[in-house]
Amino acid sequence: MSDRVNFGSKLGIVLATAGSAVGLGNVWRFPYMTGQNGGAAFIIIYLGCILFLGVPGMVSEFIVGRHSQSNTARAYASFSSNKGWGAIGILGIITSTIILGFYAVVAGWCLYYLGESVVGNLKGDPAFVQSYFQAFSSDPVKPAALGVTFILITHFIIVRGVRDGIERASKLLMPLLFILLVVIVVASCSLPGASKGIEFLLKPDFSKVGPNVFLEALGQAFFSLSLGTACLCTYASYFSRHTKLHYSATQIAVIDFIIALLAGLMIFPAAFSVGVHPDSGPSLIFITLPTVFQQAFSFSPQLGYVISIMFYALLVFAALTSTISMHEIGTAFFHEELMMKRSAAAWILTGVCSVLCVLCSLSVGKAEIGLFGKSLMDFCDFVTAQLMLPAGALLTSILVGWVASKRMVREEFTNFETVRGKSLFPYYMFCVRFLVPVSILMILMHQFGLI
Ligand code: PHE
């Protein structure tokens, strides 16, 4: 499309894409999964998934997106002679819409907890904090309204466009997020008894890993890198011709991993310092942590108060840069394919995601509003992270590795032979043709009891 805008600077590219990657996946999902799956052992498997499957997978999505400079459905359709491959792009749009629906529920909780920590309502004994969360999350109105509010905030950033909306928001929010994170990590790690938490994160105990650890680590790696949703493909369509794709992918994967590790260093030392084992699952940051912060910083309630506000502000910022990227995938699609104004396209997505968000919110803790014995919220999380993301990444690697013209892939990888590190191309091709698809297939088959 002739009015297409690119990101304005290299920094903008890195911060916007890292903003998509860094989100509740790092600060909410990673810590509770690590807590449930034995700590460091899970992290090692997770790191393996990031490096060997995640980075090549990211490069592949970048290649498809930057090559076409268009929305994801068109990008996939134009990457080979068979237009049918455009279905991967459509799958990505559906996946990211579902993710935005349930992700906004948790983002809304964060928004609420930010407000509640400012007014000092999160104080009380563990039983109080637990019942407080249960009463709030099962309320039919408040959490749903906050989730929809979060989608609307995302909407108003998206309609400002790629540079003035996405890039500007990322340049503001990402540094803020990093500063907040580092301050809380320092406070948490200097608590007495914090070393047990650090040890939990760094000393592997493989006897503690659960039976589904590989699929969980893979799903978490893809979720955290925003891989398999065509989100990276959409953002790459705004990259310049000079962006070094393999370099950017590695940079973003490293940033994403470091932030996840820092999130662990923020939560586990504080939890262990007051004798709490952080294996409570998804409610970890809403039930366990408010008590942990109070008890750990009981020597200075003012410090505890500030830390709690900073923590929920951090979650809100992290969530926002990610919801922006999920929203952009569908917005770009409707804007370009239906030839409608960007704001009208964005409203379609906002409407669909809001309905899903309300349903997910109503389903929390209620398997009756759900599928296959899971609440709709848990079902959406499971079906996207553990099925749709791996499927999207698998199909992308088959397209890029086996179907598309190798010359075209090489030209994108090497920026028409101008980039340093072009000798990495054969390794990349090996990963995309064999390592990524075979590993994803084996992990999926293992999960479903086929091997
Ligand atoms: N990567 C984001 C996170 O870690 C989630 C996300 C998934 C964003 C898919 C975009 C697409 O929170």
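The text that follows walks through the structure, step by step, so that each part is easy to find. (Residues numbered from 1 in each chain as written. Predicted model: local features only at pLDDT ≥ 70, side-chain atom pairs only at ≥ 80, totals over all residues. Heavy atoms only, no water.)

1. Topic: the environment of L24
Put simply, the test is: A helix here means a DSSP run of H or I that spans at least four residues, while a strand means a run of E at least two residues long, and both kinds are numbered starting from the N terminus. Any two residues whose heavy atoms approach within 4.5 Å at even a single point are treated as in contact.
Residue position: L24 is located in helix α2 (residues 24-36). Residues L24 and S248, 224 residues apart in the sequence, show an inter-C-alpha distance of 21 Å. Those residues within four positions of L24 in sequence are excluded, and the remaining contacts are R29, Y103, V106, A107, C110, L315 and A319.

2. Things to note about the nonpolar core
Note the threshold: Take the buried residues of types Ala, Val, Leu, Ile, Met, Phe, Trp, Tyr and Cys, join any two whose side-chain atoms come within 4.5 Å, and each joined set is a nonpolar core. Under the scheme applied here, a residue whose accessible area is under 20% of the maximum for its type counts as buried, over 50% as exposed, and between as partly exposed, the area being computed with a 1.4 Å probe on protein chains only.
If you look at the biggest cluster of nonpolar residues, it comprises 163 residues, and the most contacted ones within it are M266, F286, F311 and Y428. Looking at which element gives the most residues to this core, the answer is helix α14 (residues 301-337), with 17 residues. Those residues in contact with F311 that lie beyond four places of it in its chain are V27, I184, M266, I267, I285, L289 and F293.

3. A word on the site of the ligand
In plain terms, the rule: We call a residue near a molecule or strand when any one of its heavy atoms sits within 4 Å of it. For this analysis, a polar contact is any N or O atom pair within 3.5 Å, provided that within protein one partner can donate a hydrogen and the other can accept it, and provided that sequence-adjacent residues contribute only side-chain to side-chain pairs. Calculation of accessible area relied on Shrake-Rupley with a 1.4 Å probe; when residues are assessed, cover is drawn exclusively from the protein chains displayed. Lining residues are defined by having an atom within 4 Å of a point belonging to a cavity or pocket. Those points lie on a 1 Å grid over the protein atoms alone, cavities being sets where a 1.4 Å probe fits but cannot get out and pockets being open sets with protein on both sides within 12 Å along at least five of seven lines. A molecule is said to be in a cavity or pocket once over half of its atoms fall within 2 Å of that pocket's grid points. Following the grouping adopted for this structure description, the nonpolar residues are Ala, Val, Leu, Ile, Met, Phe, Trp, Tyr, Cys and Pro, the charged ones are Asp, Glu, Lys and Arg, and the polar ones are all others, Gly among them.
Taken together, 15 residues lie around the ligand, and A21, G25, Y103, F223 and S226 are the ones closest in. Within the backbone of S20, a nitrogen or oxygen atom sits 3.1 Å from a nitrogen atom of the ligand. F223 has a polar backbone atom sitting 2.8 Å from a nitrogen atom of the ligand. For the ligand, the accessible surface in isolation is 320 Å², of which the surrounding protein chains cover 100%. At a threshold of 2 Å from the grid points, most atoms of the ligand map onto the largest cavity. Its residues assigned to classes, the shell around the ligand shows 6 nonpolar, 9 polar and no charged.

4. What about the side chain of H335?
With respect to the helices and strands, the residue H335 is situated in helix α14. Polar side-chain contacts of H335 include one of 3.5 Å to the backbone nitrogen of R342.

5. Examining empty space enclosed by the protein
Definition in use: Grid points are joined across faces, edges and corners, and a volume is the space filled by probe spheres set on the points.
For the structure on display, the rule yields 3 cavities of 30 Å³ or more. Of the voids in this model, the largest cavity is the one considered here, and its volume is about 130 Å³. Lining of the largest cavity is provided by 14 residues; of these, S20, I99, F223, S226 and M326 occupy positions nearest its centre. Elements supplying a minimum of two residues to the lining of the largest cavity: α1 (10-21), α5 (86-118) and α14.

6. Comments concerning the layout of surface pockets
When its volume is computed, the largest pocket comes out at roughly 630 Å³. If you trace the largest pocket, you find 29 residues lining it, with W28, Y32, P282, D378 and D381 closest to the centre. When residues of the lining of the largest pocket are traced back to their parent elements, those giving at least two are α2, α5, α6 (126-137), β2 (374-375) and α16 (376-403). Taken together, the residues that form the lining of the largest pocket break down as 12 nonpolar, 11 polar and 6 charged. Of the volumes computed, that of the second largest pocket is approximately 290 Å³. In terms of lining, the second largest pocket is formed by 13 residues, of which the most central are L51, V55, P56, Y428 and C431. Going through the elements one at a time, α3 (40-68), α12 (245-273) and α18 (425-447) are the ones with two or more residues in the lining of the second largest pocket. Ranked by residue count, the leading element in the lining of the second largest pocket is α3, at 5 residues. Its residues placed into classes, the lining of the second largest pocket shows 11 nonpolar, 2 polar and no charged.

7. Considerations on helix α13 (residues 284-296)
Put simply, the rule reads: By this rule, a helix spans an expected 1.5 Å times one less than how many residues it contains.
If you check α13, its first and last C-alpha atoms are just 16 Å apart, much less than what 13 residues at 1.5 Å a residue would give, namely 18 Å. Counting buried positions along α13 gives 11 out of 13 residues, so the element sits mostly inside the fold. Turning to α13, its buried residues number three or more, namely L284, I285, F286, I287, T288, L289, P290, T291, V292, F293 and A296. Considering only its buried residues, α13 is in contact with α2, α5, α6, α12 and α14.

8. As for the environment of I13
Relative to the helices and strands, I13 is located in helix α1. Taking the C-alpha atoms as reference points, I13 and K142, 129 residues apart in sequence, are found 36 Å from one another. Among all residues touching I13, those that are not within four sequence positions of it are F7, F239, S240 and T243.

9. Comments concerning a nonpolar patch on the surface
For the record, the criterion: Here, patches come from residues exposed beyond 30% relative accessible area and free of salt bridges, joined within 9 Å for like charges and within 5 Å for nonpolar side chains (Val, Leu, Ile, Met, Phe, Trp, Tyr). For this analysis, a salt bridge means a side-chain nitrogen from Lys or Arg found within 4 Å of a carboxyl oxygen belonging to Asp or Glu.
A cluster of nonpolar residues, W402, V403, F430, F434, V438 and M442, forms a patch on the protein surface that exposes about 580 Å² of accessible area. Counting residues per element, the ones that place at least two in the nonpolar patch are α16 and α18. Broken down by element, the nonpolar patch gets its largest block of residues, 4 residues, from α18. Here M442 is to be found in helix α18.

10. Examining the packing of aromatic side chains
Cut-off, in case you're wondering: Pairing of aromatic side chains requires ring centres within 6.5 Å, counting the rings of Phe and Tyr and the six-membered ring of Trp. Pairs whose planes differ by under 30 degrees are stacked, by over 60 edge-to-face, and all others tilted. Counting as a charge over the ring demands two things of the Lys NZ or Arg CZ atom: a distance within 6 Å of the ring centre and an angle within 35 degrees of the ring normal.
Evaluation of the coordinates by the stated rule reveals 33 aromatic pairs. When the centroid spacing of 5.4 Å and the interplanar angle of 10 degrees are considered together, the rings of F133 and F286 count as stacked. Within this pair, whereas F133 is found in helix α6, its partner F286 is found in helix α13, the two being separated by 153 residues in sequence. Like F286, F133 is buried. Looking at R29, its charged tip hangs above the ring of F223, at a distance of 4.8 Å from the centre. The ring of Y247 carries the charged tip of K244 above its face, separated from the ring centre by 5.5 Å.

11. Brief notes about the packing of α5 against α6
When two helices pack together, their arrangement is given by the angle between their axes and by how far apart the axes lie. Here is the rule we go by: Axis definition: a line fit to C-alpha positions, over the contact stretch in the case of helices; interaxial angles, taken between N-to-C directions, run 0 to 180 degrees. Oblique is the label for every angle not falling under 35 degrees (roughly parallel), over 145 degrees (roughly antiparallel), or within 65 to 115 degrees (roughly perpendicular). Crossing handedness follows the turn of the near helix against the far one: under a right angle anticlockwise gives a left-handed crossing, and clockwise gives a right-handed one.
One can describe the packing of α5 onto α6 by two numbers: an axis separation of 12 Å at closest approach and a directional angle of 130 degrees. Considering the angle they form, α5 stands oblique to α6. α5 and α6 meet at a crossing whose hand is right-handed. Two secondary-structure elements touch here, α5 through W109, Y112, Y113 and E116 and α6 through Y132, F133, F136 and S137. Classifying every residue of the contact of α5 with α6 gives 6 nonpolar, 1 polar and 1 charged.

Structural measurements only, silent on function.
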